[in-house]
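Survey of secondary and tertiary structure
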Amino acid sequence: MTRTFETVGVVGLGTMGAGIAEVFARAGLRVIGVEADEAALSRGRGHLEGSTGRAVARGRMTAEEQAALLGRIAFTTSRDDLAGADLVVEAIPEVMEFKRGLFADLDRICKPSAVLATNTSSLSVTAIAATTSRPAQVIGMHFFNPAPVMRLVEVVRTVVTEDGLPDEIAGLARRLGKTPVTVGDRAGFVVNRLLLSYLNHACALLETGLASRDDIDAAMRLGVGLPMGPFTLLDLIGLDTSYEVCEVLFRESRERRHAPAPILRELVTAGLLGRKTGRGFHSHDRDAPETAGEPGGRPEISLVGLVGGGPDAATVLEALEAAGFKAAVAEPGDLTPVAEADVVVALSDTPVVELAVRLPRPERLVGLHLVGERVAEVAATVVTSREAAETVRDLVRMIGRTPVRCGDRAGFVVNALLYPYLNDAVRMLEAGYASAADIDAAMRLGCGYPAGPFEMLDAIGIERVRDGLRALYAEYREPSFAPAPLLDQLVTAGVPGIRAHVG
Ligand SMILES: NC(=O)c1ccc[n+]([C@@H]2O[C@H](COP(=O)([O-])OP(=O)(O)OC[C@H]3O[C@@H](n4cnc5c(N)ncnc54)[C@H](O)[C@@H]3O)[C@@H](O)[C@H]2O)c1
């Protein structure tokens, strides 16, 4: 029997619930919005009026359509009003005891055929389902913030979910104009599991002093093309929420890298929760200053040395010559041609400091890694002089890129953050949790990323990522940085890309 979903209850009209109610009402469904008390109900109604009002102001909806949409939503503080709903979506705070209490009530109030859904980001849907007498009809329906805009819905089935129900909920999500991805009940599902691991890792790198907050944010935003850097995103999500999700991931995986970074705890304890409290990693009281510096003056240098070959070295050489610099090039095997250069830029895979110590003046050597079209990481070793590092940063600005300063560690900033994230996606695929196409769609639509992890893997090249992961593992000895066996095998088998082989 296929269910029809015409009347939908939404419990909790906060950040997510108000958006979810709007999404249902936009699609023509009748909505019963339930809040805890009159004050919260009026705030929830305000969210809905504000959001649809902005749509009218932008010409995306007429005033009549707005009135009709709001007319389809009944606002109440009584859960008993949900008795006739075909589906109830819960969006109350992320506290298991609150959710379990609510679901026990909904089970008692709602008609026997009704489906009960949770919008939880990280809690166990199975544990929530177990509080009801209808666990087969309990499912996760995980929307993304802001719900009216973000196209992804993760549909979370448990081991006891009725056959066919995930497809029906996925069908409903499509009717709402969303793209559903159906997954099992594992902490963080697809998006938060991959995203929070990466964000927590960024905190860990910040704590080691590898690079500054702004440099890491700029590297990921301008270099990789993500909509925002990790610290800006953590502030947007809320540091308390991020902390909780990491905690849940850690409880399931017992992997140290999922344990919330100490800096998260410190900021949360200090009440600096991100955008919602005005301050987190960044201050949100005013616009943050741009990290990209002003173009510097022309450094006093007559010869620039370049170590390395390949397209990056050719790009830099061309840009330097176009800017009027004399340049000498050396391969990592013999550094003689650059021995007398005023500053030496290393663009090879050899650790920067290993090259530095082979020069007569090791303090003149600086590592450089071009990222995308707009960023270059500038890595100073323990012996690099300040002048040399500043000169190279000036050169980077002259060739039209934003310099990101970092220490001489494998992967610098970008690859140290990006490659483990890609590896996590491969491990998720290997575990049979979701398909490559679903994981790609989830990260594109749930996070606004320009490409999913498997698309990124193919664009970068699987061998390059595998080798980069090996170098990261050798440096940090973090077990999760070891290349996933599937990645290793595909490289060994000589396949050109991952998506053609995993479907
Ligand atoms: N904020 C996000 O980015 C995001 C994204 C996806 C999922 N989620 C999940 O959505 C859920 C809600 O998160 P949020 O950010 O909207 O929280 P929120 O604090 O903005 O909203 C929660 C709302 O629930 C109401 N509420 C509390 N107890 C209630 C009760 N017993 N009955 C009815 N209403 C009650 C509160 O008054 C509040 O308006 C959480 O499970 C969260 O993990 C959040």
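In what follows, the accompanying structure is described.

In this model, Asn145 is joined to Pro146 through a cis peptide bond whose omega is 0 degrees. Take Pro146: it is sitting in the loop between strand S6 (138-143) and strand S7 (152-157). Positive phi is not limited to glycine here, since Arg254 has a value of about 60 degrees. Backbone geometry places Arg477, a non-glycine residue, at a positive phi of 55 degrees. In this fold, Arg477 is placed in the loop between helix H18 (462-476) and helix H19 (485-492). We classify Arg477 as exposed; its relative accessible area is 61%.

With that settled, consider the side chain of Asn192. By secondary structure assignment, the location of Asn192 is in helix H7 (residues 191-208). Taking the relative accessible area as the measure of exposure, Asn192 reaches 10% and is therefore buried. Among the polar contacts made by the side chain of Asn192, one reaches the main-chain carbonyl oxygen of Ser121 at a distance of 3.5 Å. Apart from the residues lying within four places of it in its own chain, the contact partners of Asn192 are Ser121, His142, Ser197, Val245 and Leu249.

A few words on the pattern of salt bridges. Under the criterion given, the structure shown has 24 salt bridges. With a shortest N-O distance of 2.8 Å, Glu22 and Arg26 are connected by a salt bridge. Of this pair, Glu22 and Arg26 both sit in helix H1 (residues 15-26), 4 residues apart, roughly one helical turn. Given the relative accessible area of 43%, Arg26 is considered partly exposed. Ionic pairing is found between Arg257 and Asp424, a salt bridge with its closest N-O pair at 3.1 Å. Of this pair, Arg257 sits in the loop between helix H10 (239-253) and helix H11 (262-269) while Asp424 is found in helix H15 (residues 414-430), placing the two residues 167 residues apart along the sequence. With respect to class, Arg257 is no different from Asp424; both count as buried. Salt bridges sharing common partners tie together Arg466, Asp467, Arg470 and Asp488.

This next bit is on the site of the ligand. Near the ligand, the surroundings consist of 21 residues, among which Thr15, Met16, Glu35, Glu94 and Lys99 are the closest. The side chain of Glu94 places a nitrogen or oxygen atom 2.6 Å from an oxygen atom of the ligand. Protein chains bury 77% of the 830 Å² of accessible surface belonging to the ligand in isolation. Of all elements in the fold, only H1 and S6 reach the threshold of two or more residues within the shell around the ligand. Classifying every residue of the shell around the ligand by side-chain character gives 9 nonpolar, 8 polar and 4 charged.

Turning our eyes to something else, we now look at the packing of helix H8 (residues 213-223) against helix H9 (residues 230-237). Between H8 and H9, whose axes approach to 7 Å, the crossing angle comes to 95 degrees. Classed by the angle they form, the pair H8 and H9 counts as roughly perpendicular. Across the interface between the two elements, Arg213, Ile216, Asp217 and Met220 of H8 pack against Pro230, Phe231 and Thr232 of H9.

The strands making up a sheet are joined through hydrogen bonds of the backbone, oriented either antiparallel or parallel. Strand order in the open sheet formed by 8 strands is S3-S2-S1-S4-S5-S6-S7-S8, and the pairing between neighbours is mixed. Two strands lie at the open edges of the sheet, namely strand S3 (73-76) and strand S8 (179-184), each paired on one side alone. Pairwise comparison of adjacent strand axes, ignoring direction, gives a mean angle of 25 degrees for this sheet. Pairing geometry for strand S1 (residues 7-11) and strand S4 (residues 87-90), over 4 bridges, is parallel. By the bridge assignment for S4, Val10 is matched with Val89.

What follows concerns the pairing of strand S5 (residues 115-118). Side chains Val115 and Ala117 project from S5 onto one buried face, and the interleaved Leu116 and Thr118 project onto a second face that is buried too. Examined bridge by bridge, S4 and S5 share 4 bridges and lie parallel to one another. The residue bridging Leu87 from the neighbouring strand is Val115, located in S5. The β-α-β motif built from S4, the intervening helix H4 (residues 96-109) and the parallel element S5 has right-handed crossover chirality. As paired elements, S5 and S6 share 3 bridges and run parallel to each other. Within S6, the residue paired with Ala117 across the bridge is Ile139.

Cut-offs applied
- Within each chain, residues carry numbers counting from 1 in the order of the written sequence.
- Confidence filtering applies because this is a predicted model: local features only for residues at pLDDT of at least 70, side-chain atom pairs given and counted only at 80 or more, and all residues used for totals across whole chains, interfaces and linings.
- To obtain the side-chain values, all non-hydrogen atoms of the structure were used and water was disregarded.
- To qualify as a helix, a DSSP run of H or I must reach at least 4 residues; to qualify as a strand, a run of E must reach at least 2; elements of each kind are numbered from the N terminus.
- Residue burial is assigned from relative accessible area. The probe radius is 1.4 Å, only protein chains are included, and a residue is buried under 20% of its type maximum, exposed over 50%, and partly exposed in between.
- Here a polar contact is recorded for every N or O atom pair within 3.5 Å, except that within protein the pair must consist of a potential hydrogen donor and a potential acceptor, and residues adjacent in sequence are included only if both atoms are side-chain atoms.
- Contacts are assigned to residue pairs that have any heavy atoms within 4.5 Å of one another.
- A carboxyl oxygen of Asp or Glu within 4 Å of a side-chain nitrogen of Lys or Arg is what we treat as a salt bridge.
- When at least one non-hydrogen atom of a residue lies within 4 Å of a molecule or strand, that residue is treated as near it.
- For every accessible area listed, the method is Shrake-Rupley and the probe measures 1.4 Å; residues are considered covered only by the protein chains on display.
- Note on residue categories: nonpolar means Ala, Val, Leu, Ile, Met, Phe, Trp, Tyr, Cys or Pro, charged means Asp, Glu, Lys or Arg, and polar means any other residue, Gly included.
- For helices, the fitted line uses only the C-alpha atoms of the stretch in contact; every axis is such a line through C-alpha atoms, and the angle between N-to-C directions lies from 0 to 180 degrees.
- Any angle that falls under 35 degrees is termed roughly parallel, while one over 145 is termed roughly antiparallel, one within 65 to 115 roughly perpendicular, and all others oblique.
- The pairing criterion for strands is at least two bridges between them, as found by DSSP.
- Viewed with both strands pointing away, a crossover whose connecting path from the first strand over the helix to the second turns clockwise is right-handed.

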